[in-house]
Amino acid sequence: MELLKFVHDDKWPGTFLAVCTRWIEGRSLTQHLLLMALAPLPFLLAALLMLHEMARSRPHEQGDLERGLASVRLLASAAESGVYFKSPRQLEHMVEAVRALDGVAAVAIYERSGEPLVVRGHPDLPAPGRIASVRSAGFLHEQAGRLAFAAPVEPGQILLARLDRHDEPPGTYAALPAIGWVYLEIDPGATTLYGDKFVLVNLFFAFATLLGGAYAALRLAHAVGDPVARLAEAARRIRAGQEEARVPVDAASRELRSLQEGFNTLAGGIDEVRRTMQARMEEATDRFAHEALHDHLTGLPNRRAFDRALDDAVSNARRMSDQGVLCFIDLDYFKTVNDVGGHAAGDALLCEVSELILQGVRAQDLVCRVGGDEFAIILRACSADDARRLVEGLCEAIAALCFNWESRCFKVSASFGMAVINDTVPDTAAVLKAADAACYAAKHEGRNKVVLCHEACSS
């Protein structure tokens with residue numbers, strides 16, 4: 001009852017078509033080609049049954065003509081694959097089957113050049129040019145009681161695809177030259193059984209035709225399906241992040257080779273773009289990391305880098321008794337240079353002083369710009385006495401500097417505040433406080449001074 005309800009339901013045709021469509025869409029290329037090759041089977045069976053009924057209802061003479069025409073047409077269709085691939089063995093089976101029909105006296109199959117591929121019986125052949133001039137299946141003549149028929153072997157849709165003519169619009173293959181011909185002679189007097197045997201033999205022809213089409217479809221699937229499958233696999237690998245995926249350029253078809261070459265070129269371009277973008281991202285990351293920890297004007301480490309380095313110095317001093325010295329530098333008379341010469345003059349002075357400080361310290365020391373006109377030095381593995389001598393040299397060098405700007409010479413100096421970093425330092429804040437207090441004291445004492453603070457560090 002449910003089945004009858006489904007059949008009588010108005011929606012069942014659409015549902016059936018949707019199911020068929022989903023089933024077909026899930027098939028591979030090879031399966032699609034096989035479906036295309038086997039699709040004519042119902043129509044061939046229906047045509048054979050119609051021919052059988054028509055032959056029974058016609059007079060005997062008319063039945064012989066129609067039987068000959070039907071046989072030569074089916075033979076031409078079945079011989080398509082064998083003629084194209086020049087396979088006499090495949091054609092021999094078909095010819096022997098035709099010869100087994102009642103009344104068939106002789107059969108011959110020719111290739112395009114006119115050379116015979118298979119000949120059975122003793123045909124009374126007309127001139128070769130007469131057969132080559134045949135454009136459609138038809139009756140040639142009657143001679144010595146035999147009826148002669150001929151038909152051209154035309155390229156079908158699958159062979160058109162093998163000939164790189166798959167872009168031909170439907171119907172144009174009929175205008176292409178024949179790839180061969182078939183010739184058939186029937187002796188009406190030798191006919192004993194026709195009806196059922198005729199149908200069975202022609203069924204064999206139908207299946208042989210379909211098998212030939214399936215064989216050609218498999219050949220085409222191998223020539224087209226394998227390269228397409230490799231392209232799909234390479235595309236999947238690229239989507240998975242394997243940018244080096246490539247395909248061999250080995251397709252039999254010119255178009256597929258071009259597609260393979262284009263895919264490799266595109267994949268190479270994608271890989272090159274990825275490498276370029278990766279290099280630029282790494283460069284930008286390094287640049288941003290450098291800019292985050294360095295002063296854009298002088299190129300010295302900035303306050304953030306200084307804080308990290310001072311934390312490390314205090315930790316090392318408390319953990320490994322590694323002594324060092326922190327020095328604050330505050331330029332004297334910098335506001336005068338900035339007001340008279342402008343900000344450009346102030347920036348130039350800061351760059352010149354930073355170079356002077358870098359030349360006066362050791363390789364292991366760290367020089368930072370921590371404010372507008374303020375610098376800081378972390379003297380690593382340095383005693384207080386050595387640090388004082390080094391800083392006093394810097395103080396004298398800055399005081400001796402004559403900063404020239406727009407034909408004017410500006411004299412500047414600097415105040416230095418120092419604090420010792422050792423295992424008695426409680427934390428980073430204590431060192432900063434001590435060095436800042438020492439720098440303030442140097443300013444208060446008249447500038448261009450060096451003050452070393454011992455007490456504040458350990459307090």
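Before reading further, recall that the structure is shown in the block above.
Residues numbered from 1 in each chain as written. Predicted model: local features only at pLDDT ≥ 70, side-chain atom pairs only at ≥ 80, totals over all residues. Heavy atoms only, no water.

## Thoughts on helix α15 (residues 384–399)
Working note: α-helix, 3.6 residues per turn, so residues spaced by three or four point in the same direction. Between its first and last C-alpha atoms α15 spans 22 Å; for 16 residues at 1.5 Å apiece the expected length is 22 Å, and the two agree. Where α15 is concerned, the buried positions are A384, A387, L390, V391, L394, C395 and I398. Viewed along the axis of α15, the buried residues span an arc of 145 degrees, placing them on a single side of the element. Residues D385, R389 and E396 are exposed on α15 and point more than 90 degrees away from its buried face. (Helix = DSSP H or I, 4+ residues; strand = E, 2+ residues; numbered from the N terminus. Expected span 1.5 Å × (residues − 1). Buried < 20%, exposed > 50% of the residue type's maximum accessible area, 1.4 Å probe, protein only. Arc of directions from axis to C-beta.)

## Some details on the sheet that holds strand β2 (residues 116–121)
Here we have 5 strands laid out as an open sheet, ordered β2-β1-β5-β4-β3, and antiparallel in their pairing. Looking at the sheet topology across the chains shown, the edges are occupied by β2 and β3 (138–143). Between one strand axis and the next, the sheet turns by 15 degrees as a mean value, whatever way the strands run. Lying over the sheet, helix α7 (residues 88–99) contacts β1 (104–111), β2 and β5 (180–186), oriented at roughly 25 degrees with respect to β2. (Pairing = 2+ DSSP bridges. Axes fitted to C-alpha atoms, helices over the stretch in contact; angles between N-to-C directions. Contact = heavy atoms within 4.5 Å.)

## Re the packing of aromatic side chains
Scanning all chains against the criterion turns up 4 aromatic pairs. Look at F306 and F328: their rings are 6.3 Å apart centre to centre, the planes differ by 50 degrees, and that puts the pair in the tilted class. Here F328 lies in strand β6 (residues 324–332) and F306 lies in helix α12 (residues 303–320), a separation of 22 residues in the sequence. Neither residue differs from the other here; F306 and F328 are each classed as buried. Members of the aromatic cluster, connected to one another through ring pairs, are F403, W405 and F410. When the ring centre of F288 is taken as reference, the NZ or CZ atom of R287 above it lies at 5.3 Å. (Phe/Tyr/Trp six-rings, centres within 6.5 Å; stacked < 30°, edge-to-face > 60°. Lys NZ or Arg CZ within 6 Å of the ring centre and 35° of its normal.)

## Description of α12
Here α12 contains 18 residues, and its C-alpha end-to-end distance of 25 Å stays within 8% of the 26 Å for a straight helix at 1.5 Å per residue. Residues A305, F306, A309, L310, A313, V314 and A317 constitute the buried set of α12. What you see down the axis of α12 is that its buried residues fit within an arc of 165 degrees, all on one side. Elements that come into contact with the buried residues of α12 comprise α11 (254–293), β6, β7 (366–369), β8 (374–380), β11 (413–421) and α16 (428–444). Its side-chain oxygen placed 3.2 Å from the backbone nitrogen of R304, N302 serves as the N-cap of α12. Directly after α12, the chain includes S321, whose backbone phi takes a positive value near 55 degrees. (Polar contact = N/O pair within 3.5 Å; in protein donor to acceptor, adjacent residues only side chain to side chain.)

## Examining unusual backbone geometry
Look at Y333: it is not a glycine, yet its phi comes out positive at around 65 degrees. On the secondary structure map, Y333 appears in the loop between β6 and α13 (334–341). Given a relative accessible area of 40%, Y333 falls into the partly exposed group. With a phi close to 55 degrees, N448 is a non-glycine residue in the positive phi region. By the element assignment, N448 lies in the loop between α16 and β12 (450–453).

## Observations regarding the state of the cysteines
Tallied over the full model, the rule gives 1 disulfide. Cysteine C327 shares no disulfide, and the gap to the nearest cysteine sulfur, in C439, comes to 7.9 Å. (Disulfide = S-S within 2.5 Å.)

## A word on the sheet that holds β12
An order of β7-β8-β6-β11-β12 is seen for the 5 strands of this open sheet, with the pairing classed as mixed. Each end of this open sheet is capped by a strand with a single partner; those strands are β7 and β12. Each adjacent strand pair in this sheet contributes to an overall mean axis angle of 20 degrees, direction not counted. Both β11 and β12 contribute to a ladder of 4 bridges, which runs parallel.

## Here's the deal with the packing of α13 against helix α14 (residues 343–360)
One way to put it is that α13 packs onto α14 with a least axis distance of 6 Å and a crossing angle of 140 degrees. What the angle tells us is that α13 and α14 run oblique. Residues F334, V337, N338 and G341 of α13 form the contact with α14, whose participating residues are H343, A345, G346, L349 and L350. Per-class residue counts for the contact of α13 with α14 are 5 nonpolar, 4 polar and no charged. (Parallel < 35°, antiparallel > 145°, perpendicular 65-115°, else oblique. Nonpolar A, V, L, I, M, F, W, Y, C, P; charged D, E, K, R; others polar.)

## A short note on the nonpolar core
Nonpolar side chains tend toward joint burial in soluble globular proteins. Core analysis: the largest hydrophobic core is formed by 35 residues, its most contacted members being I357, I377 and F416. Residue contributions to this core peak at 7 residues, all from α15. V72, A79, V98 and L117 belong to the second-largest nonpolar core, a separate cluster that totals 29 residues. (Core = buried A, V, L, I, M, F, W, Y, C linked by side-chain atoms within 4.5 Å.)

## Digging into the pattern of salt bridges
Evaluation of the coordinates by the stated rule reveals 12 salt bridges. Residues R236 and E233 are paired through a salt bridge, measuring 2.6 Å at the closest nitrogen-oxygen approach. Taken together, the positions of R236 and E233, both in helix α10 (residues 195–239) and 3 residues apart, correspond to about one turn of that helix. R236 gets classed as partly exposed once you look at its relative accessible area, which sits at 40%. In this structure E233 comes out as partly exposed when scored by relative accessible area, which is 37%. (Salt bridge = Lys/Arg side-chain N within 4 Å of Asp/Glu carboxyl O.)

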